Every structure is written in C-alpha cells, then in structure tokens.
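What the coordinates show
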Amino acid sequence: MAESVSLDGTAKLVMDRETRMAIAMWRWAGTAILIAVAVVLPFTLSNYHVFELTQVMIYAIAVLGLNILTGYNGQISLGHGGFFAAGAYTAAILMHRYGVPYWATLPPAALVCFALGVLFGLPALRFEGPYLALVTLAMAVAMPQLLKYFDNWTGGKQGLVLVKPMPPPELGIDRDRWLYFFVLVVLLIAIRVAANLLNGRTGRAFVAVRDHSIAAAAMGINTARYKTLAFGVSTLFTGVAGALAAIVIGFVAPESFTLFLSLSFLIGSAVGGIATISGAIIGGFFIEFVPNVANDISDAAPWAIYGLTMLLCMYAMPRGVVGTLGPWLRHAMQQFRPARRAAQ
C-alpha cells in the first residue's frame, strides 16, 4: 500500500513537472511569436499607426513600474504622472541644453526618478491605503506648476522643442520606425529586468510585505527598506518611459502631464492586471486607443463611453485581462495534458 502511494505521488510529481515544462515552453513560444509580430508589424502600417504603437510601448513601461509598486508591493500611487514628467524633462534638458545623445539620456532619467522615488517613499512609509494615495496625489498636482516655475530650465509654459533623432543610414528605415524599434528594445529589457526582480528574493519580499507586513517583519524582512525600494524601482521604470516619450514626441510642456495622466496609468494597470507583468502591455493599449475610439464614436460624450468601457472591462474581468485569463489558461493546460495522456 505504501509502495502504491509512493508510486502515485511520484507519478503526480512527474506529471506536475511535465505540466510546468509544457507551460514554460508555450510561454516561450508565445513570447517569440509576439516579438516576431512586433518586428514585422511596423512595415505593414502607416507612420501614424507606428507612432501610436510606439506610444503604447511607452505607456506599457510606465504601467509596468506602477504594477511593481501597487500590484506586487501593495502601495497605491496617484502621482506617477509626476515621475513620468520628471523623466521626460530630464531627457529634454540634457538633449536641448547640453546636446547629450538621446540614448544616453535614459540612464540619467532613470537615476533621477529613482532618487525622487526613494525620497518620496520615505515619508510615505507613515501612510497606507487611501492616505498614501492622497500623499502621492500631491506629486501629480504639484509637478506641472513646478515645471512652469523653473522656466530657465524647463522653458516655462512654452516647454522645450527637441530635435527627433535620425536613424542610422545603413538601416534604410525612416525615423518613426527607428524610434519604434528603439522603444521596443527598451520595453523588452524592462520586462526582462522586472521579471528577474519579481521572481527573485526581492520580489518575494515585496509580495510578503504586500500580503501581511507584520508577518513579513516577524520573518526578518525589513519592511521599510523594501517599501522604499519598491517606490524607487517603480519610479525608475516610469522615468525611463517619460524620457522615451520626450524623445519620440520631440516636445515637452507642463500641460502634457496633468492629473489625468496619473489616473490613466492606474486605470491601465487595473485593466491589464495589476499584479502581472504582461498586463502592462494591455494597459498601454487601453491608455492609447480607448480615448481615441471614444472620441470617434461620440464627439458629444466621449468620456461617458470611456467610463462605460472601463466599467465593462472591470465587470467582465475584475482582476484585469491577464489576471483573469492567465489562471484560466494555466488550468486549461493542466487539464489538457492528462486528457491527452489518457487518450494515448
């Protein structure tokens, strides 16, 4: 009897291992297919649609940063539009006033926003839930006014006009497609870095603090350190996205970074899947395309359509698109393999 139980347990363990390997193979295959489609797609679209997809990827990086903070660490932020603006203006000032190459502005923008996130995260340790959301809201509200005040650096209300980078001549592609591929590479790097971070020890500490901070502290996790680190890493990603936006659009102004931008990041995070990595891409599509589609449907009440779309998405998929469909797909894969074994 003991032998039978042991054999059954071993068979179940082997089956579970095979199921996990199959899911990993399907995930890698799906990722490879999506990357191939992303590489081919800009050559089949107009320049305007290529620009739109570039914006989607920029928003996806920003939403990914918010997912790290809110989804994996449990801290609510309504101020990421301010950090997005900080990254954009860091890149714009370096390019416009100091002639720094566009690609070299990404590390400074990331470092500046990481430092701002850490400094902002320290006092935020005293707040939780809606109180923390109100504190971060101050960042989104104050940033446009601060940008107007330091007009010697930021250009004031007029903003800064940037020269869009030209592609290497040997590639034989135009500017829009070069910027598309540049942002695509940065997005893939951001996803890989986020996956390595969240699947490792730091990510497990983030989740432990999110689920139960007292229990996490009892296990020896420095909750203050990891909360502050989550804020810094989150704003780092958002700052890189802001720098990319400045490079791609070629213009920055305070009016581009309103409170609605911060709300859009939070909405995109919730629609895509707030505790997921790939959900950030879905959130980027929502932020870029849904307002435009709402305007096309109705000039009189576009925000009513936007709100209704958001409500329908959350009603049908309360955990976001990826957060709802991901477990379902994994369950279907687990059921499919035993059924196929039985058929054989």
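Residues numbered from 1 in each chain as written. Predicted model: local features only at pLDDT ≥ 70, side-chain atom pairs only at ≥ 80, totals over all residues. Heavy atoms only, no water.

1. Brief notes about the packing of aromatic side chains
To keep things clear, this is the line we draw: Any Phe, Tyr or Trp ring, taking Trp's six-membered ring, that has another such ring centre within 6.5 Å forms a pair; planes under 30 degrees apart are called stacked, those over 60 apart edge-to-face, and the others tilted. Secondary structure is summarised from DSSP: a helix means a run of H or I of at least four residues, a strand means a run of E of at least two, and numbering begins at the N terminus for each. Classification of residues uses two cut-offs on accessible area relative to the type maximum, computed with a 1.4 Å probe and protein chains only: under 20% is buried, over 50% is exposed, and between them is partly exposed.
Per the stated rule, a full pass over the model turns up 17 aromatic pairs. Relative to F120, the ring of F83 has its centre 5.9 Å away and its plane inclined at 85 degrees; by these criteria the two rings are edge-to-face. Note that F83 is positioned in helix α3 (residues 80-98) and F120 in helix α4 (residues 106-124), a separation of 37 residues in sequence. The pair F83 / F120 is uniform in exposure class, with both members buried. Here the aromatic cluster, defined as three or more aromatic residues joined through ring pairs, consists of Y59, F84, Y89, F257 and F265.

2. Quick word on the packing of α3 against α4
The cut-off we apply is this: To obtain each axis, a line is fitted to C-alpha atoms, and for helices this fit is confined to the stretch in contact; angles are then taken between N-to-C directions over 0 to 180 degrees. Should the near helix be turned anticlockwise from the far one by less than a right angle, the crossing is termed left-handed; should it be turned clockwise, right-handed. In what follows, residue pairs with any heavy atoms lying within 4.5 Å of each other are defined as contacts. We call Asp, Glu, Lys and Arg charged. Ala, Val, Leu, Ile, Met, Phe, Trp, Tyr, Cys and Pro are nonpolar, and the rest, Gly among them, are polar.
Where α3 meets α4, the closest approach of the two axes is 9 Å, and the angle between their N-to-C directions is 145 degrees. As α3 packs across α4, the resulting crossing turns out to be right-handed. Mapping the contact onto sequence places F83, A86, G87, T90 and L94 in α3 and P108, A109, V112, C113, L116, G117 and F120 in α4. For the contact of α3 with α4, the per-class residue count stands at nine nonpolar, three polar and no charged.

3. Some details on the confidence of the model for the chain
When pLDDT drops low, the exact placement of atoms in the prediction is not to be read closely. Rules: For every residue, the predictor reports its confidence as pLDDT, a number between 0 and 100.
Summary statistics for the chain give a mean pLDDT of 87 and a share of 89% for residues scoring 70 or more. Below pLDDT 50 for its whole length, residues 1-15 participates in two contacts with residues either more than four positions away or in separate chains.

4. Points about the packing of helix α2 (residues 47-71) against helix α10 (residues 223-249)
The following threshold applies: Roughly parallel means an angle under 35 degrees; roughly antiparallel means over 145; roughly perpendicular covers 65 to 115; every other angle is labelled oblique.
It is at 7 Å that the axes of α2 and α10 come closest, and there the two elements cross at 165 degrees. In terms of orientation, α2 and α10 fall into the roughly antiparallel class. Relative to α10, α2 is oriented so that their crossing is left-handed. Between α2 and α10, the contacting residues are F51, T54, Q55, I58, I61, A62, L64, G65, L66, I68 and L69 on the first element and A230, F231, V233, S234, F237, T238, A241, L244, A245, V248 and I249 on the second. Its residues placed into classes, the contact of α2 with α10 shows 17 nonpolar, five polar and no charged.

5. A closer look at a nonpolar patch on the surface
Put simply, the rule reads: By definition, no residue in a patch forms a salt bridge, and every one has over 30% relative accessible area; like charges are joined within 9 Å, nonpolar side chains (Val, Leu, Ile, Met, Phe, Trp, Tyr) within 5 Å. Per-residue and other accessible areas follow the Shrake-Rupley method at a 1.4 Å probe size, with only the shown protein chains counted as cover for residues. The term salt bridge refers to a side-chain nitrogen of Lys or Arg lying within 4 Å of a carboxyl oxygen of Asp or Glu.
A contiguous nonpolar patch, built from Y98, L146, Y149, F150 and W153 and spanning about 630 Å² of accessible area, is present on the exposed surface. In this fold, Y149 is placed in helix α5 (residues 129-149).

6. Observations regarding the pattern of salt bridges
For the structure on display, the rule yields three salt bridges. A salt bridge links E255 to K148, with the shortest nitrogen-to-oxygen separation between them at 3.5 Å. You can see E255 sitting in the loop between β2 (251-252) and α11 (259-272) and its partner K148 sitting in helix α5, a full 107 residues away along the chain. Across the pair D174 and R177 runs a salt bridge whose closest N-O atoms are separated by 2.7 Å. A relative accessible area of 29% places D174 in the partly exposed class.

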